[in-house]
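Listed here are the chains, written in short residue letters.
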Amino acid sequence: MRNEGKIDRVLRVGLGVALIALVFVGPQTPWGWLGLVPLLTGLVGFCPLYRLVGVNSCKL
(Lines give C-alpha, C1' and ligand atoms only; values in the text may rest on other atoms or scores of the structure.)
Protein backbone atom coordinates (compact mmCIF):
# COMPACT_ATOMS: atom_id res chain seq x y z
CA MET A 1 0.00 0.00 0.00
CA ARG A 2 1.47 3.34 -1.06
CA ASN A 3 0.39 6.81 -0.06
CA GLU A 4 3.21 8.89 -1.54
CA GLY A 5 3.36 10.18 -5.07
CA LYS A 6 6.44 10.16 -7.29
CA ILE A 7 7.48 13.76 -6.60
CA ASP A 8 6.92 13.29 -2.87
CA ARG A 9 9.11 10.18 -2.87
CA VAL A 10 11.93 11.85 -4.83
CA LEU A 11 11.94 14.82 -2.44
CA ARG A 12 11.98 12.53 0.60
CA VAL A 13 14.90 10.48 -0.72
CA GLY A 14 16.83 13.65 -1.55
CA LEU A 15 16.17 15.13 1.88
CA GLY A 16 17.11 11.88 3.57
CA VAL A 17 20.42 11.62 1.72
CA ALA A 18 21.21 15.27 2.47
CA LEU A 19 20.52 14.83 6.18
CA ILE A 20 22.56 11.63 6.40
CA ALA A 21 25.43 13.46 4.68
CA LEU A 22 25.51 15.80 7.70
CA VAL A 23 26.80 12.88 9.75
CA PHE A 24 29.91 12.57 7.60
CA VAL A 25 30.54 16.09 6.23
CA GLY A 26 29.69 19.59 7.35
CA PRO A 27 28.89 19.96 11.04
CA GLN A 28 29.17 16.17 11.56
CA THR A 29 26.19 16.08 13.88
CA PRO A 30 24.44 12.86 14.89
CA TRP A 31 21.09 14.57 14.19
CA GLY A 32 21.73 13.71 10.56
CA TRP A 33 20.66 10.12 11.27
CA LEU A 34 17.10 11.44 11.36
CA GLY A 35 17.49 11.45 7.58
CA LEU A 36 16.82 7.70 7.69
CA VAL A 37 13.12 8.41 8.27
CA PRO A 38 12.45 10.36 5.04
CA LEU A 39 14.88 8.12 3.14
CA LEU A 40 13.11 4.90 4.13
CA THR A 41 9.60 6.28 3.70
CA GLY A 42 10.60 7.61 0.28
CA LEU A 43 12.05 4.29 -0.81
CA VAL A 44 9.08 2.28 0.47
CA GLY A 45 6.42 4.76 -0.68
CA PHE A 46 4.45 4.64 2.55
CA CYS A 47 4.32 7.25 5.30
CA PRO A 48 2.57 6.26 8.55
CA LEU A 49 1.95 9.92 9.42
CA TYR A 50 0.16 10.45 6.11
CA ARG A 51 -2.11 7.55 6.97
CA LEU A 52 -2.93 8.97 10.40
CA VAL A 53 -3.89 12.35 8.97
CA GLY A 54 -5.59 10.93 5.89
CA VAL A 55 -3.23 12.37 3.29
CA ASN A 56 -2.55 10.54 0.05
CA SER A 57 -0.30 12.12 -2.58
CA CYS A 58 -0.23 8.95 -4.69
CA LYS A 59 -2.42 9.04 -7.78
CA LEU A 60 -4.17 5.76 -8.30
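See above for the structure.
Predicted, not measured: the structure shown is a model, and the values here were computed from it.

Chemist: What is the right way to look at the pattern of salt bridges in this model?
Modeler: Opposite charge on two side chains allows them to pair when their charged atoms are near. With the rule as written, the count across this model stands at two salt bridges. We note a salt bridge from Glu4 to Arg12, for which the minimum N-O separation is 3.1 Å. Note on Arg12: relative accessible area 15%, which makes it buried. For Arg12, the salt bridge identified is with Asp8, shortest N-O distance 3.2 Å.

Chemist: Where do I start with unusual backbone geometry in this structure?
Modeler: Excluding glycine, residues mostly have negative phi values, and the peptide bonds linking residues are mostly trans. Phi is positive for Gln28, which is not a glycine, with a value near 50°. Along the chain, the position of Gln28 falls in the loop between α1 (6-24) and α2 (36-44). The class of Gln28 is exposed, set by a relative accessible area of 52%.

Chemist: How do you make sense of the packing of α1 against α2 when you look at a structure like this?
Modeler: Relative orientation and spacing of two packed helices are given, respectively, by the angle between their axes and the distance between those axes. At their nearest, the axes of α1 and α2 sit 7 Å apart, and the two run at 150° to each other. As summarised for this structure, α1 and α2 are arranged roughly antiparallel, according to the angle between their axes. In this structure, α1 meets α2 at a crossing whose hand is left-handed. Across the interface between the two elements, Arg9, Arg12, Val13, Leu15, Gly16, Val17 and Ile20 of α1 pack against Leu36, Pro38, Leu39, Thr41, Gly42, Leu43 and Val44 of α2. For the contact of α1 with α2, the class distribution of residues is nine nonpolar, three polar and two charged.

Chemist: Would you mind showing me how to read the packing of aromatic side chains here?
Modeler: Two aromatic rings are characterised by how far apart their centres lie and by the angle between their planes. Following the criterion strictly, the structure yields one aromatic pair and no others. Between Phe24 and Trp33, the ring centres sit 5.9 Å apart and the planes meet at 80°, which makes this aromatic pair edge-to-face. We classify Phe24 as exposed; its relative accessible area is 53%. Overall, the relative accessible area of 42% leaves Trp33 in the partly exposed class. Residue placement shows Arg12 over the ring face of Tyr50; its charged tip is 4.8 Å from the ring centre.

Conventions and cut-offs
- Residues numbered from 1 in each chain as written.
- Predicted model: local features only at pLDDT ≥ 70, side-chain atom pairs only at ≥ 80, totals over all residues.
- Heavy atoms only, no water.
- Salt bridge = Lys/Arg side-chain N within 4 Å of Asp/Glu carboxyl O.
- Buried < 20%, exposed > 50% of the residue type's maximum accessible area, 1.4 Å probe, protein only.
- Helix = DSSP H or I, 4+ residues; strand = E, 2+ residues; numbered from the N terminus.
- Axes fitted to C-alpha atoms, helices over the stretch in contact; angles between N-to-C directions.
- Parallel < 35°, antiparallel > 145°, perpendicular 65-115°, else oblique.
- Left-handed = near helix turned anticlockwise from the far one by under 90°.
- Contact = heavy atoms within 4.5 Å.
- Nonpolar A, V, L, I, M, F, W, Y, C, P; charged D, E, K, R; others polar.
- Phe/Tyr/Trp six-rings, centres within 6.5 Å; stacked < 30°, edge-to-face > 60°.
- Lys NZ or Arg CZ within 6 Å of the ring centre and 35° of its normal.

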